[in-house]
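Given next are the chains, with one letter for each unit.
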Amino acid sequence: MRALLILSLMATPAMAQMSPVKNPCAGVGGVDICAAAKGTAEALAKHLPREIAPGIRVMSAVQGGPEVQLDLMVAADLRLPDDAGFAALACAEPPLCGLIERGGQVAYLLNGKTLATITSCEEVN
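Residues numbered from 1 in each chain as written. Predicted model: local features only at pLDDT ≥ 70, side-chain atom pairs only at ≥ 80, totals over all residues. Heavy atoms only, no water.

## A closer look at the nonpolar core
Phase 1: V68, L70, Y108 and I118 are the most contacted members of the largest nonpolar core, which totals 28 residues.
Phase 2: V68 has contacts with A37, T40, A41, L44, A61, V62, L96, L99, Q105, V106 and A107, leaving out every residue within four places of it along the chain. (Core = buried A, V, L, I, M, F, W, Y, C linked by side-chain atoms within 4.5 Å. Buried < 20%, exposed > 50% of the residue type's maximum accessible area, 1.4 Å probe, protein only. Contact = heavy atoms within 4.5 Å.)

Rendered as structure tokens:
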């Protein structure tokens, strides 16, 4: 029993070295995406609330790690866009597009529920 415990303790550090933990803030070219997301959220927050499409208003923008989370208010009778529509809205905003190109992401939330998370502007542009 003792031998198994000793082997277990010896194997644990070696196994931890074999599978390095990915840094969620490391972006393309070593850019700190979390810092970029924070700067983007702060820049957007200065101009909110604001309508981004008819009947869709962004009420707040906050950083959530490597992403900017946009809290929406939507007209009750409005049909929400699909993922491609949300991607078009994010990629049309230069600060959000720049964040996505660096490896960050944009999440759209409504009443605390994530509607879409955009991670690429390739198909939109």
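Next comes the rest of the account.
## Some words on the sheet that holds strand β1 (residues 50-53)
Phase 1: The strand order across the open sheet formed by five strands is β1-β2-β3-β4-β5, and the pairing between neighbours is mixed. On the outer flanks of this sheet lie β1 and β5 (113-118), each paired with one strand and no other. Across this sheet, the average inter-strand angle for adjacent strands is 40°, counted without regard to direction.
Phase 2: Bridge analysis of strand β2 (residues 56-64) against strand β3 (residues 67-74) gives eight bridges, and the strand direction is antiparallel. From the neighbouring strand, I56 faces β3, where its bridge partner is V74.
Phase 3: Those strands touched by helix α2 (residues 33-45) are β2 and β3, and its axis lies near 145° from that of β2.
Phase 4: Of the strands in this sheet, β1, β3, β4 (105-110) and β5 touch helix α3 (residues 83-91), which is tilted by about 65° from β5. (Pairing = 2+ DSSP bridges. Helix = DSSP H or I, 4+ residues; strand = E, 2+ residues; numbered from the N terminus. Axes fitted to C-alpha atoms, helices over the stretch in contact; angles between N-to-C directions.)

## Here we look at the pattern of salt bridges
Phase 1: Applying the stated criterion to the full structure yields one salt bridge.
Phase 2: Here E93 ties to R50 by a salt bridge, and the two come within 2.6 Å at their closest N and O atoms. Of this pair, E93 sits in the loop between α3 and α4 (94-101) while R50 sits in strand β1, placing them 43 residues apart in sequence.
Phase 3: We classify E93 as buried; its relative accessible area is 19%.
Phase 4: The exposure class assigned to R50 is partly exposed, which follows from its relative accessible area of 27%. (Salt bridge = Lys/Arg side-chain N within 4 Å of Asp/Glu carboxyl O.)

## Examining the state of the cysteines
Phase 1: Inspection of every chain in the model, using the stated rule, returns two disulfides.
Phase 2: Here C25 pairs with C34 through a disulfide, and the sulfurs are 1.9 Å apart. Judged by the sign of its S-S torsion, about -80°, the cystine formed by C25 and C34 is left-handed.
Phase 3: For C34, a relative accessible area of 11% translates into the label buried.
Phase 4: Two residues share a disulfide in this structure: C91 and C121, whose sulfurs sit 1.9 Å from each other. The sign of the S-S torsion, about -90°, decides the handedness of the disulfide formed by C91 and C121: left-handed. Placement of C91 in helix α3 and of C121 in the segment after β5 is noted, with a sequence separation of 30 residues between them.
Phase 5: Note on C121: relative accessible area 5%, which makes it buried.
Phase 6: Each bonded cysteine in the chain gets a number by its place in the sequence, and the pairs come out as 1-2, 3-4. (Disulfide = S-S within 2.5 Å.)

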